[in-house]
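# Descriptive structure summary
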Amino acid sequence: MVGLLVTLVSFTILVALLVAALVLVTVAPVFVALQMADARRFSTTRWLVVSVLTVVAGVGYAYLLHKHTHVPTVVALLPLGLTWAGPGALWLLEAGQTRLGGVPGRHE
């Protein structure tokens, strides 16, 4: 009975950590980019698209490295840093750089 309880608790913790890691590389970059774009009064639509594309590219490239080549898992996970390229680019921009950041439309 104790073994079943330990297994249940460890499985729950493992699933919670995996979900947190997935949120960290998928949802969090998009949310942070939208918050940063809104604070700098840039086009949130533009930065939503940029963030989603970088998330898809980072996760997809990590998947391809993991499945189709014989590289260590740690190296295959390095492209997941690409998922934070949208917020990283916004971090480099200042509020007045609307040429790159875009201008929000009336609907935004």
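Just above sits the structure.
Basis of the calculations
Residues numbered from 1 in each chain as written. Predicted model: local features only at pLDDT ≥ 70, side-chain atom pairs only at ≥ 80, totals over all residues. Heavy atoms only, no water. Helix = DSSP H or I, 4+ residues; strand = E, 2+ residues; numbered from the N terminus. Buried < 20%, exposed > 50% of the residue type's maximum accessible area, 1.4 Å probe, protein only. Axes fitted to C-alpha atoms, helices over the stretch in contact; angles between N-to-C directions. Parallel < 35°, antiparallel > 145°, perpendicular 65-115°, else oblique. Contact = heavy atoms within 4.5 Å. Nonpolar A, V, L, I, M, F, W, Y, C, P; charged D, E, K, R; others polar. Expected span 1.5 Å × (residues − 1). Left-handed = near helix turned anticlockwise from the far one by under 90°.

### A closer look at the environment of Val-50
Looking at where Val-50 falls in the secondary structure, it is placed in helix 3 (residues 44–68). On the basis of relative accessibility, which here comes to 29%, the residue Val-50 falls in the partly exposed class. Taking the C-alpha atoms as reference points, Val-50 and Ala-85, separated by 35 residues in sequence, lie 8.6 Å from one another.

### Comments concerning the packing of helix 3 against helix 5 (residues 85–92)
Interhelical geometry of helix 3 versus helix 5 gives an angle of 135° and a closest axis separation of 8 Å. With respect to helix 5, the element helix 3 is oriented oblique. Where helix 3 approaches helix 5, its residues Trp-47, Val-50, Ser-51 and Thr-54 are matched on the opposing element by Ala-85, Gly-86, Pro-87, Ala-89 and Leu-90. The class makeup of the residues in the contact of helix 3 with helix 5 is six nonpolar, three polar and no charged.

### Here we look at helix 3
Along an α-helix, residues three or four apart share an orientation, since each turn contains 3.6 residues. Over its 25 residues, helix 3 runs 35 Å from end to end, which matches the ideal 36 Å to within 8%, given 1.5 Å per residue. Looking only at helix 3, the buried set comprises Trp-47, Ser-51, Thr-54, Val-55, Gly-58, Ala-62 and Leu-65. Residues of helix 3 that are buried sit in contact with helix 1 (2–25), helix 2 (27–39), helix 4 (73–76), helix 5 and helix 6 (98–101).

### Details of the packing of helix 2 against helix 5
At a closest axis distance of 8 Å, the pairing of helix 2 and helix 5 adopts a crossing angle of 25°. Here helix 5 runs roughly parallel to helix 2, going by the angle between their axes. For the pair helix 2 and helix 5, the sense of crossing is left-handed. Note on element contacts: helix 5 touches helix 2 through Gly-86, Pro-87, Leu-90 and Trp-91, opposite Pro-29, Val-32, Ala-33, Met-36 and Ala-37. Here the residues of the contact of helix 2 with helix 5 sort into eight nonpolar, one polar and no charged.

### A few points about the side chain of Ser-51
Along the chain, the position of Ser-51 falls in helix 3. In contact with Ser-51, not counting residues within four places along its chain, are Pro-29, Val-30, Ala-33, Gly-86 and Pro-87.

### Let's talk about the environment of Pro-79
Relative to the assigned elements, Pro-79 resides in the loop between helix 4 and helix 5. When its relative accessible area of 10% is taken as the criterion, Pro-79 is described as buried. With 35 residues separating them in the primary sequence, Pro-79 and Thr-44 have C-alpha atoms 24 Å apart. Look past the residues within four positions of Pro-79 in its chain and what remains in contact with it is Gly-58, Tyr-61, Ala-62 and Leu-65.

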